[in-house]
Amino acid sequence: MKFGGTSVADAAAFENVARIVAAQRNASPVVVVSAMSGVTDSLLAATTIASLEGTFRRHEAAARELLTHAKAEEFVEHVNNAAQRIAQLLEALSAEPTRKATQDSIVAFGETLSSALLAEVLNERGVAARQVDARRCIITNDDYTCAAPLMAETFSHSQQELRPFLETGVVPVLGGFIGATLSGATTTLGRGGSDYTAAIIGAALSASEIQIWTDVTGVLTADPRVVPEAQTIERLSYSEAAELAYFGAKVLHPKTIQPAIESSIPVRICNSRAPEERGTLVGPETETSPRTVKAIAHKSGVTTVQITSARMLGAYGFLRALFEVFEKHRTVVDVVTTSEVSVSLSLDDAERLPEIVQELEVLGTVRVEKGRAIVCVVGEGLRGTPGIAGKVFSTISDINVSLISQGASSINFTFAVEEARVNEAVRRLHEEFFSH
């Protein structure tokens, strides 16, 4: 059971999580919890310990409201110790060779404090619980700020650390998103990595279900901030969920799916504010929707790049040379389309674009368009259903579309539009496919 930052935002939220966990104690749950909402950002932005005073006060206030006086004082002492250690780390933060490692050590305190507090709250509500330092379970490489778990070591450590608690009826509570190298140095899995932690732990323990508890009821048919009438999707396949996660659905971290797929463990996305709702179940298979389309995802802040060269015509090796440029600059390419003499692609991260364009111009004429957004229509059976593309483009016929990708996947249909009109496009498509 993974609970995100909004699920543990304050004392009332911690109380609510304790009730949810207590209701499932007979299922031998393992709990993974994020930092309190906003805490990770505060830790990342901190330059002095004084700037974190409000962060520490939030933890202390929650503890004094939820715990007995003696336990609250113990936790406040724990917070004070954390503050002292963070102050030392902030002084060392300017050392460039170790900056990322120091940053990971600072940010990890958000998860360790929230997991320690939740374990105490559970104990006081009659649920035997114990905080387990996730760094004893999640073993990673030393790629600080976005470390990759070493799965064999992680599975072995997780089983060794957690099974004794489960066998004695104790609920382990871990902080998400953090791990450690084989030498014990603190690492993090990247933003949103708490979902990944939960999936890895679930796979390591052969869990019957991985539950992601957030502040919305499952995966919705569109972003509710854009389409307020968006509906919960009851079931998704792993492939559908992965596509939606990658193309902007915020409730599921893209990496989460992989450990679940490999272990065939269903993933349920639940609403901690409405625990009685069933949410969305993601599994190996799902039925085709009567309307074929399951959801419409989108993401903004996209840059498209078009490379045109007559050298492509009837040649081989051109695409390899092109993509080696992006590999050299460690820049991920999202959507790709090709013609006889041109390649169009989209980028989320355009930080290295000037250097990339300079090298691409050796291969051909380069055209860059910023301020774009990707729209992704997802559903099992899209490729085999006639008329979907026609319906999409007739619905947004007055919105300029660039970079269309259909056929690379049987379950998604993707295209780019101007960022200023993406919300309009998503609302119209949702109206067409879900309201009629």
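Residues numbered from 1 in each chain as written. Predicted model: local features only at pLDDT ≥ 70, side-chain atom pairs only at ≥ 80, totals over all residues. Heavy atoms only, no water.

**Q** Just give me the short version of the sheet that holds strand E7 (residues 186-188), but keep the residues and values in it.
**A** The three strands are arranged E4-E6-E7 in an open sheet whose pairing can be described as mixed. At either end of the open sheet lies a strand with only one pairing partner, and these are strand E4 (139-140) and E7. Where strand E6 (residues 178-181) and E7 come together, three bridges link them in antiparallel fashion. If you follow Gly179 over to E7, its bridge partner there is Thr187. In the packing of helix H5 (residues 99-124) onto the sheet, the strands contacted are E6 and E7, and the crossing angle to E7 comes to about 80 degrees. (Pairing = 2+ DSSP bridges. Helix = DSSP H or I, 4+ residues; strand = E, 2+ residues; numbered from the N terminus. Contact = heavy atoms within 4.5 Å. Axes fitted to C-alpha atoms, helices over the stretch in contact; angles between N-to-C directions.)

**Q** Would you mind going over the pattern of salt bridges in detail, with residue names and values included?
**A** Considering all chains together, one arrives at 20 salt bridges under this definition. Close ionic contact of Glu355 with Arg352 constitutes a salt bridge, the shortest N to O distance being 3.2 Å. Taken together, the shared-partner salt bridges connect Asp398, Arg421, Glu424 and Arg428 into one network. (Salt bridge = Lys/Arg side-chain N within 4 Å of Asp/Glu carboxyl O.)

**Q** Now, about H5: what can you tell me, with residues and values included?
**A** Between its terminal C-alpha atoms H5 stretches 39 Å, which fits the 38 Å expected from 26 residues at 1.5 Å a residue. Summarising burial for H5: 19 of the 26 residues are buried, a large majority. Directly beyond the C-terminal end of H5, a positive phi value near 85 degrees is found at Gly126. (Expected span 1.5 Å × (residues − 1). Buried < 20%, exposed > 50% of the residue type's maximum accessible area, 1.4 Å probe, protein only.)

**Q** Which residues make up the packing of aromatic side chains, and what values do they have?
**A** If you walk through the whole model with that rule in mind, you get six aromatic pairs. Where Tyr246 meets Phe247, the ring centres are 5.2 Å apart and the plane angle is 85 degrees; that geometry is what we call edge-to-face. Accessibility expressed as a relative area gives 5% for Phe247, which makes it buried. Each ring, one from Phe393 and one from Phe413, has its centre 5.4 Å from the other, and the planes form 75 degrees; the classification is edge-to-face. (Phe/Tyr/Trp six-rings, centres within 6.5 Å; stacked < 30°, edge-to-face > 60°.)

All we've got here are geometric facts, nothing functional implied.
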